[in-house]
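Here are the chains, one letter per residue:
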Amino acid sequence: MPPQSRRTKTTTTDGVAPKGVAKTVPKPAKSSAKAPTKRDRIATELRRMISEGELPRGSRIQQDVLAAMFDTSITPVREALRLLEAEGVLVGEPHKGVRVADADYEQVKTVYLLRRLVEPYAMQRAARRLSPLDIDLAERLVTDMEQAAEEGDRARLNAANYQFHFLFYAKCGNEGLSAEIDQLWQKFPWDVLQVLHDRADETSNEHRSMLAAARLGDGDALAKATEWHLSRSFLALGKHLTGRPVADPFDVDND
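This one's a predicted model, so the numbers in the text were calculated from it and none came from an experiment.

Quick notes on the rules
Here the residue numbering is sequential within each chain, running from 1 through the sequence in written order. Confidence filtering applies because this is a predicted model: local features only for residues at pLDDT of at least 70, side-chain atom pairs given and counted only at 80 or more, and all residues used for totals across whole chains, interfaces and linings. To obtain the side-chain values, all non-hydrogen atoms of the structure were used and water was disregarded. Numbering of helices and strands starts at the N terminus; helices are DSSP runs of H or I of at least 4 residues and strands are runs of E of at least 2. Note on areas: Shrake-Rupley with a 1.4 Å probe; residue coverage comes only from the protein chains shown. Aromatic contacts are taken between Phe, Tyr and Trp rings whose centres are within 6.5 Å, Trp giving its six-membered ring; a plane angle under 30 degrees counts as stacked, one over 60 as edge-to-face, and the others as tilted. Relative accessibility decides the category of a residue: with a 1.4 Å probe and only protein chains considered, values under 20% of the type maximum give buried, values over 50% give exposed, and everything between is partly exposed. Whether a charge lies above a ring is judged from NZ of Lys or CZ of Arg, which has to be within 6 Å of the ring centre and within 35 degrees of the ring normal. When a carboxyl oxygen of Asp or Glu is within 4 Å of a side-chain nitrogen of Lys or Arg, the pair counts as a salt bridge.

A. Examining the overall build of the protein more closely. A count of helical and extended segments in the protein gives 10 helices and 3 strands. Here the protein has roughly 12,700 Å² of accessible surface; of this, 50% comes from carbon and sulfur atoms.

Rendered as structure tokens:
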């Protein structure tokens, strides 16, 4: 998801590629060829810091500290903070400044529903476009995720997970769709999901199922494996956020 950073020793459940691998992974397509602005670079780094737990939920954001960190004026910092406030990543409070938003179950549910609609479809499209080299790379990324999980290397695990999924999405044949999925990923609370230690083995098995379907070129099976992966992750996250088991809201009979 966001760019790589220093590694944090925390056991996680989902989510940089093995050395020598990252450069071969296609990045998600962008709808614009323009170079990122200072605002965009700051916003991207803040998303990464939040997703990897470097900026905990509820922590205050100091504009002068960010300006010094990025060696810039306060203006692009303020623009980045406004952007993340609009996305719901940050919350502005009168006389208190800006803080990292708490993970809100209803917002997470909305992002999950959108991911369930588009990601299996993108996977299904990608199945017919993957090369044997793509599949081999995907398998190396799954192995690297498993090793990173055992070592408690959150940054490495995060990036390998992102690269695994977007290896497929970049092959879906629709650049705009890949870019939209990337935006949804930026809104998902990966930092919260990563503290759910009992998801580690399940996640590995789910990735292996997706890999097996891709190796067979079975788009329907790949889509179903992706649906299962997304639903299991959401249900674990929903239980953590609400303190009780939740029903899958993708089922139209569940509210």
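That covers the picture; the talk isn't over yet.
B. Representation of the packing of aromatic side chains in the model. Considering all chains together, one arrives at 9 aromatic pairs under this definition. Taking 4.5 Å as the distance between ring centres and 40° as the angle between the ring planes, the aromatic pair formed by W185 and W190 counts as tilted. Each member of the pair, W185 as well as W190, carries the same accessibility label: buried. Its guanidinium or amino end placed over the ring of F188, R115 lies 4.8 Å from that ring's centre, counting from NZ or CZ. We note R116 situated over the ring of F250; from NZ or CZ to the ring centre the distance is 4.1 Å.

C. Structural view of the pattern of salt bridges. Per the counting criterion, the structure on display carries 20 salt bridges. Here E54 ties to R48 by a salt bridge, and the two come within 2.8 Å at their closest N and O atoms. Take E54 and R48: they sit in the same class, and that class is buried. As a salt-bridge pair, E119 and R115 come within 2.5 Å of each other at their nearest N and O atoms. Residue E119 and its partner R115 are located together in helix α4 (residues 105–127), separated by 4 residues, close to a single helical turn. Neither E119 nor R115 differs from the other in exposure class; each is buried. Ionic contacts of the salt-bridge type, sharing partners, join the residues D136, E139, E146, R208 and R215 into one network.

Bear in mind that shape data such as this cannot, by itself, settle questions of function.
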